[in-house]
Amino acid sequence: MALEQLSDVVQRCQVLSDDGYAAEDHDVFTIAGRTCIEEGNSVQVLSIVLDEQNQDIVRSMGWNLLPPLIQVLLKKEDKNLPQCLAIFNHLLETCRPKELLIGLLEQLEQDDPDPIAESLHLLLNPLQKVLLRLGSRKASSLGMTLSSVLDQVAKLPLPHTKEQEEDDVFSLCRSCTELTAFVRPFVHEVRLNLFNSSANGVFLFCSCMQTLTRPLLEAQLKDPDTLPVSPLRNFATEILNTLSAIGQSLSSLVFQPLLKRKQAPGFLEEEVRYPKESLANLAHLVFVHHLAADTFPSVFSPVFCLRCNMEHISQLSSVFEGVFPIAQELYEKSLVRVVDGSLPADLLQIKTFLTVPQNLVKVMTMCQRHDLRTKGLKVLQLSIDKFDTGAKYYFFQYMLKTSRHSGVEGYIIKNIRNQIDVALQPGNSNTWFQGVHLLPLLRKVLILPDGPETDLLQYLDRVMESLNLLRYLVIRDKVTENQTGIWTELYKVEDTFMKPLRVGLNMSRAHYERELHDTVETKKSKAKEESILSVAVGDEKLPNMTSDSHVQALHSALHTFDMIESVLVRIEELVEVKENL
């Protein structure tokens, strides 16, 4: 039935010009032709399609046969596969390219990874042929095609391990390799300034920016030592080479946050043309993975590179946890090239030099991944080492004011002690960590955040480092020299830190001893019944625990109070001895 309908409509249209075909003719040809292919009559359809008398009909209507043809080609097992492939190839050569493009893109759209990869594998080459047939009229069509293709590539899962990339378990690597081959002739046209190269170059540039965000932003590229042949690394290299080939300066793109660029008249807004995440990942590929190193100028100073990259690092570190390792890597690589102690305090007036460490602190204190927390601490220390003494001084002040985390505050206080130690070495002329400059910083350190009511367990790291600093100052600085100013400040320290700490210790010890006594008594009275208790340390409620675990936690808290008190007593003894000398 369908074959007869197809033959009838073709015979009727043979005597008409292509502008004389009625809407009904198009509908009958489409429905009957598709049904014939679905029912396995591809041999007859191929004969009709190849008939010389029917070429005007095929040119006008043939693209409507694409859906069932592509389904057969994707299955690869149909007995009519050779005939369907022949029909498909003839349509690509005969049908009008604009209509072919629409039909192919409609069939490209998939949702699941396997069909996506297979559709890309089948259709990228035909799409390329159709676009090339458009000649100088392809600009908007190229943009539409690249957008559709990249949307599909973005749906493919990323390989996270070396083995997954080697085996290409999600077919992303194959798709990226085929995408590179797909754009190559269009890049060549732009390079040679053929056809409408300016518009084509814009669309190619936008596609490169899109791939730098997805899939490359989270791709976790492997070093050559880990994976000598890496398809994803090769793909990233090709993207950078493409940017250079279409006339984009990689250095101008990387340094775009600081360099004024001429506006592209009336085409794309700045934020659309230069997506921040894409530019940030470009910097990561250049500075961390050293891609396109031979095309990137080496005349820029390490400090200038750091200033530019801080914008990128800030962008990456504020996105989400999956991207933060990239931010850490770029921050570390940007810092290692800078001379220790060379960054001036003026840089702290640039917002990113404060927000990036803040983001580091968030990862160090909140991230579930131990490796990221450890790496964050390492990079934070590296950034501190690069500041000169004045910058360190103001940076410490800022971190003590904003961190709101005992562990981080304790770490900063430890750094302050180290800087004081350096300042007190013979021959050093560092005034920032001595005398009048040091005292305001010490006042921020030698104080209990909430006075005697401070939760000493929650603030343990800060309290212990503050005590260690005070003990160091008392031992290291002589009363007669008073280089740090601690001896004239000591009466204030006693009022704001030592006495409140003593009161807080007594209150905390009394509370926990009473809690311990009550728990033990409760345990005795319910010896045959295991009771479940809840304990809170600071504002954080601990998981429910048995009475034995509760007792152990209370003993641990009391031991902590003893440890704090032992250091405090030692300081009080040292002060008394040195003041009586």
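These figures come from a predicted structure and were not determined experimentally.

Looking now at the overall build of the chain. Secondary structure summary: the chain contains 26 helices and four strands in total. Taken against the 2.2 N^0.38 rule, which gives 25 Å for 581 residues, the C-alpha radius of gyration of the chain at 35 Å runs more than 25% over that of a compact globule. Its C-alpha atoms give the chain principal-axis dimensions of about 120 × 70 × 40 Å. Here the chain holds 581 residues, and 49% of them are scored as buried.

The subject of this paragraph is the packing of aromatic side chains. Scanning the entire structure with this criterion turns up 15 aromatic pairs. A ring pair is formed by Phe205 and Tyr274, whose centres lie 5.7 Å apart and whose planes are at 70°; its orientation type is edge-to-face. Placement of Phe205 in helix 12 (residues 197-213) and of Tyr274 in the loop between helix 15 (270-273) and helix 16 (276-287) is noted, with a sequence separation of 69 residues between them. Judged by relative accessible area, Phe205 falls into the buried class, the value being 0%. A ring pair is formed by Phe255 and Phe300, whose centres lie 4.5 Å apart and whose planes are at 70°; its orientation type is edge-to-face. Separated by 45 residues along the polypeptide, Phe255 in the loop between helix 14 (250-254) and helix 15 and Phe300 in the loop between helix 16 and helix 17 (302-317) bring together distant segments of the chain.

Looking now at the nonpolar core. Residues Ile420, Leu467, Leu470 and Leu501 are the most contacted members of the largest nonpolar core, which totals 178 residues. Looking at this core, the element that brings in the most residues is helix 26 (residues 547-579), giving eleven residues. Ignoring sequence-local partners within four residues, the contact set of Ile420 consists of Phe433, Leu438, Leu442, Leu469, Tyr472, Leu473 and Thr484.

This prediction gives the chain a mean pLDDT of 91; 93% of its residues lie at or above 70. Segment residues 262-267 is flagged for pLDDT under 50; beyond a separation of four residues in sequence, or across chains, it makes four contacts in the model.

It is worth spelling out the pattern of salt bridges at this point. This model, assessed by the stated rule, comprises 22 salt bridges. Here Glu189 ties to Lys138 by a salt bridge, and the two come within 2.9 Å at their closest N and O atoms. With Glu189 in helix 11 (residues 172-191) and Lys138 in the loop between helix 8 (113-133) and helix 9 (139-153), this residue pair connects regions lying 51 residues apart in the sequence. On the basis of relative accessible area, Lys138 is assigned to the buried category, the value being 1%. Salt-bridge contacts for Arg369 lead to Asp371; the nearest nitrogen and oxygen are separated by 2.8 Å. Taking relative accessible area as the criterion, Arg369 reaches 33% and is therefore assigned partly exposed. Connected via shared salt-bridge partners are Arg502, Arg509, Asp562, Glu565 and Glu572.

This part is about the packing of helix 5 (residues 66-75) against helix 6 (residues 81-94). Contact geometry of helix 5 with helix 6 gives a least axis separation of 9 Å together with a crossing angle of 135°. By the criterion of interaxial angle, the relationship of helix 5 to helix 6 is oblique. Crossing of helix 5 over helix 6 shows left-handed handedness. Residues Leu66, Leu69, Ile70, Val72 and Leu73 of helix 5 form the contact with helix 6, whose participating residues are Leu81, Cys84, Leu85, Ile87, Phe88 and Leu91. Within the contact of helix 5 with helix 6, the residues separate by chemical class into eleven nonpolar, no polar and no charged.

Glancing now at a nonpolar patch on the surface. A cluster of nonpolar residues, Leu192, Leu194 and Phe195, forms a patch on the protein surface that exposes about 280 Å² of accessible area. Assignment of secondary structure puts Leu194 in the loop between helix 11 and helix 12.

This next bit is on the environment of Ser314. Within the secondary structure layout, Ser314 lies in helix 17. Linking Ser314 and Leu330, residues 16 residues apart in sequence, is a C-alpha distance of 10 Å.

Helix length check: helix 2 (residues 23-38), at 16 residues, gives a terminal C-alpha distance of 23 Å against a target of 22 Å (1.5 Å per residue), a fit within 8%. The complete set of buried residues in helix 2 reads Asp25, Phe29, Thr30, Ala32, Gly33, Cys36 and Ile37. Against helix 1 (2-13), helix 3 (42-50), helix 4 (55-61), helix 5 and helix 6 lie the buried residues of helix 2.

So, on to the side chain of Asp25. For Asp25, the location among the structural elements is in helix 2. Residues contacting Asp25, with those up to four places away along its chain left out, are Val9, Arg12, Cys13, Leu16 and Met61.

Structurally, the position occupied by Arg184 is in helix 11. Overall, Arg184 belongs to the partly exposed group, its relative accessible area being 47%. Note: C-alpha distance between Arg184 and Leu372 (188 residues apart in sequence) is 38 Å.

Conventions used here
Residues numbered from 1 in each chain as written. Predicted model: local features only at pLDDT ≥ 70, side-chain atom pairs only at ≥ 80, totals over all residues. Heavy atoms only, no water. Helix = DSSP H or I, 4+ residues; strand = E, 2+ residues; numbered from the N terminus. Rg over C-alpha atoms; globule rule 2.2 N^0.38 Å. Buried < 20%, exposed > 50% of the residue type's maximum accessible area, 1.4 Å probe, protein only. Phe/Tyr/Trp six-rings, centres within 6.5 Å; stacked < 30°, edge-to-face > 60°. Core = buried A, V, L, I, M, F, W, Y, C linked by side-chain atoms within 4.5 Å. Contact = heavy atoms within 4.5 Å. pLDDT = per-residue confidence, 0-100. Salt bridge = Lys/Arg side-chain N within 4 Å of Asp/Glu carboxyl O. Axes fitted to C-alpha atoms, helices over the stretch in contact; angles between N-to-C directions. Parallel < 35°, antiparallel > 145°, perpendicular 65-115°, else oblique. Left-handed = near helix turned anticlockwise from the far one by under 90°. Nonpolar A, V, L, I, M, F, W, Y, C, P; charged D, E, K, R; others polar. Patch = residues over 30% accessible without salt bridge, like charges linked within 9 Å, V, L, I, M, F, W, Y side chains within 5 Å. Areas by Shrake-Rupley, 256 points an atom, 1.4 Å probe, with all protein chains shown as cover. Expected span 1.5 Å × (residues − 1).

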